[in-house]
Amino acid sequence: MCIRDSLYDPENEEVAFIDSLFIPSTVMNNSLKELIAVGEKDTLLALSRPSQMNLYMFKENPDKQFIRESKMLQPQMAYIKFFAPWADVDSLSIDGINSKHIKKEFNIRRDSLTVWITDTSYIFRDTIKMAINYMKTDTNSVLSPFLEELTLVAPRPKQLDIRGRRERLQAQEKVKREDLLEFEVKVEPALLAQQGFRLEFKSPLSQIRRDSIFITSKNPRGDTTFVNYLILEDSLSSRFYNLLISDRVLPGHEYTLNMLPRAFTDIYRNYNDTVVKKGALPREDRLSGLSLEFVNVDGTYIVEITNVTRDRVFRTAVISKNGKVSFPYLQAGKYSVKIIQDLNGNGVIDPGILLQKIQPEKVRLYTLASGSAIISLPESTELNQVVDIKELFSK
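Every chain's residues receive numbers from 1 upward, in the order its sequence appears when written. In keeping with the predicted nature of the model, local features appear solely for residues at pLDDT of at least 70, side-chain atom pairs appear and are counted solely at 80 or more, and the whole-chain, interface and lining totals rest on all residues. Values reported for side chains reflect all heavy atoms of the structure, with hydrogen atoms and water molecules removed beforehand.

**A look at the sheet that holds strand β14 (residues 240-245)**
At step 1: For two strands to count as paired, DSSP must find a minimum of two bridges between them. In DSSP terms, a helix is any run of H or I states spanning at least four residues, a strand is any run of E spanning at least two, and both are numbered starting from the N terminus. Reading across the sheet, the four strands line up as β8-β9-β14-β13 and stay open at both edges, with antiparallel pairing between neighbours. Because the sheet does not close on itself, it has two edges, and the strands there are β8 (184-186) and β13 (229-233). Geometrically, the sheet is characterised by an average inter-axis angle of 20° between neighbouring strands, direction not taken into account.
At step 2: Sheet topology places β8 next to strand β9 (residues 197-200); three bridges connect them, and they run antiparallel. What sits directly across from Glu-184, in β9, is Glu-200. Only the stretch in contact is used when fitting a helix axis, every axis being a line fitted to C-alpha atoms; angles between N-to-C directions are given from 0 to 180 degrees.

**Thoughts on the pattern of salt bridges**
Oppositely charged side chains may form a pair once their charged atoms are brought near each other.
At step 1: In what follows, salt bridge is the name for a side-chain nitrogen of Lys or Arg lying within 4 Å of a carboxyl oxygen of Asp or Glu. Scanning all chains against the criterion turns up eleven salt bridges.
At step 2: The closest approach of N and O atoms between Arg-109 and Asp-111, which form a salt bridge, is 3.6 Å.
At step 3: A relative accessible area of 10% places Asp-111 in the buried class.
At step 4: Close ionic contact of Lys-136 with Glu-148 constitutes a salt bridge, the shortest N to O distance being 3.9 Å. In this pair, Lys-136 sits in strand β6 (residues 127-137) while Glu-148 sits in strand β7 (residues 143-153), placing the two residues twelve residues apart along the sequence.
At step 5: Connected through shared salt-bridge partners, Lys-81, Arg-109 and Asp-111 make up one network. Throughout this description, buried means an accessible area under 20% of the type-specific maximum (1.4 Å probe, protein chains only), exposed means over 50%, and partly exposed covers the range between.

**Details of the layout of surface pockets**
At step 1: The space that makes up the largest pocket amounts to roughly 1,100 Å³.
At step 2: The rule is simple: put a 1 Å grid over the protein atoms alone, call a set of points where a 1.4 Å probe fits but cannot get out a cavity, call an open set with protein on both sides within 12 Å along at least five of seven lines a pocket, and count a residue as lining if it has an atom within 4 Å of a point. The wall of the largest pocket is formed by 40 residues, among which Leu-191, Gln-195, Arg-198, Asp-234 and Thr-316 lie closest to the centre.
At step 3: At the level of secondary structure, the elements contributing two or more residues to the lining of the largest pocket comprise β4 (102-106), β5 (112-117), α3 (192-195), β14, β20 (313-319) and β21 (323-330).
At step 4: For this classification, Asp, Glu, Lys and Arg are treated as charged, while Ala, Val, Leu, Ile, Met, Phe, Trp, Tyr, Cys and Pro are nonpolar and the rest, including Gly, are polar. Across the lining of the largest pocket, the residue classes break down as 21 nonpolar, eleven polar and eight charged.
At step 5: The wall of the second largest pocket is formed by 25 residues, among which Leu-47, Asn-54, Tyr-56, Arg-364 and Lys-395 lie closest to the centre.
At step 6: With four residues, the single largest contributor to the lining of the second largest pocket is helix α1 (residues 43-48). Grid points are joined across faces, edges and corners, and a volume is the space filled by probe spheres set on the points.

**So, the sheet that holds β5**
At step 1: Pairing in this open sheet of four strands is antiparallel, and the strands run β1-β2-β5-β4 from one edge to the other. Where the open sheet ends on each side, the last strands, each with one partner, are β1 (67-74) and β4. Across the sheet, the axes of successive neighbouring strands diverge by a mean angle of 20°, strand direction being ignored.
At step 2: In this sheet, β5 lies alongside β4 in antiparallel orientation, the contact comprising five bridges. Across the sheet, the residue bridging to Glu-105 is Thr-114, located in β5.

Below is the structure:
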């Protein structure tokens, strides 16, 4: 929408377009429901008006590329933010650091880059000088190779209040070795079978000793057995891992993850002490499940089970063919099913491109026969629904 003038500004304004010939079939007259005047905030009334076609607003990806932000997050960790996604970086160097001691990691959209200095002999400095060679938009709006030099300043230590100083002094009384690798282990009972134990490290790992990692299962009688598991590195970040139980996860069993010393070593040669984490499936007596049978699937789609305001995601699945997807262990309540088109399978929602006449990837809410997008799930209920993807995305 051109808000300030009659010129389209792709960096700040949304646009919608029709990509095929449309011939109206309705004769204009004053009694048409399509012409009912509605307030700009009355969305329900506006959507209730009949229409012969729909246009989908989107904001294009920026067509200019440059480094928007650069900073040091930790003494040996830097962050670079690009203005547009899919940044094309040819090389990156840091003064005084051998290239083999520089680890780079893009996010899924390739619009931000995290850089670690992995040299354990590196002496911390207040600033580092970095040079990055990448494709930058020049004055003629053309992507061209460009060498940009950056000076990054180390973050200042946070000022602690009196309480913070007291807590720090108390913590210092418990002396920790300097090379201790601390990390978070998370387990969500409802997702134990699907996600297992989630490990989150502050720095990338250099070694995992599988012979120092065990998962055991204890049944209601107290008998303990070892279970098989897989170690899966997160596809988006080398600092996150899932220890996924490959045996069947059984209700009423307690699962314990045992990690012995030196099970993990990070790129700075820090290693862990013994860590134990327990998890179990939630009790089934009040929990419910939602099963979705997908038909007419013609590509890749991302399925999310959300709350009714769609600002919290409880479950996620990716589908690319017809079949059933089950979401067990859901609390009784109200949910929505959001389905996202992922035509190129890159895991993100891509906007359209006006000049190339490419429409945006669409997002749809599954609706019941009543037309409601809210699914009420009672206690101890297994709800089954059929989702026709072709029909859903034809609207």
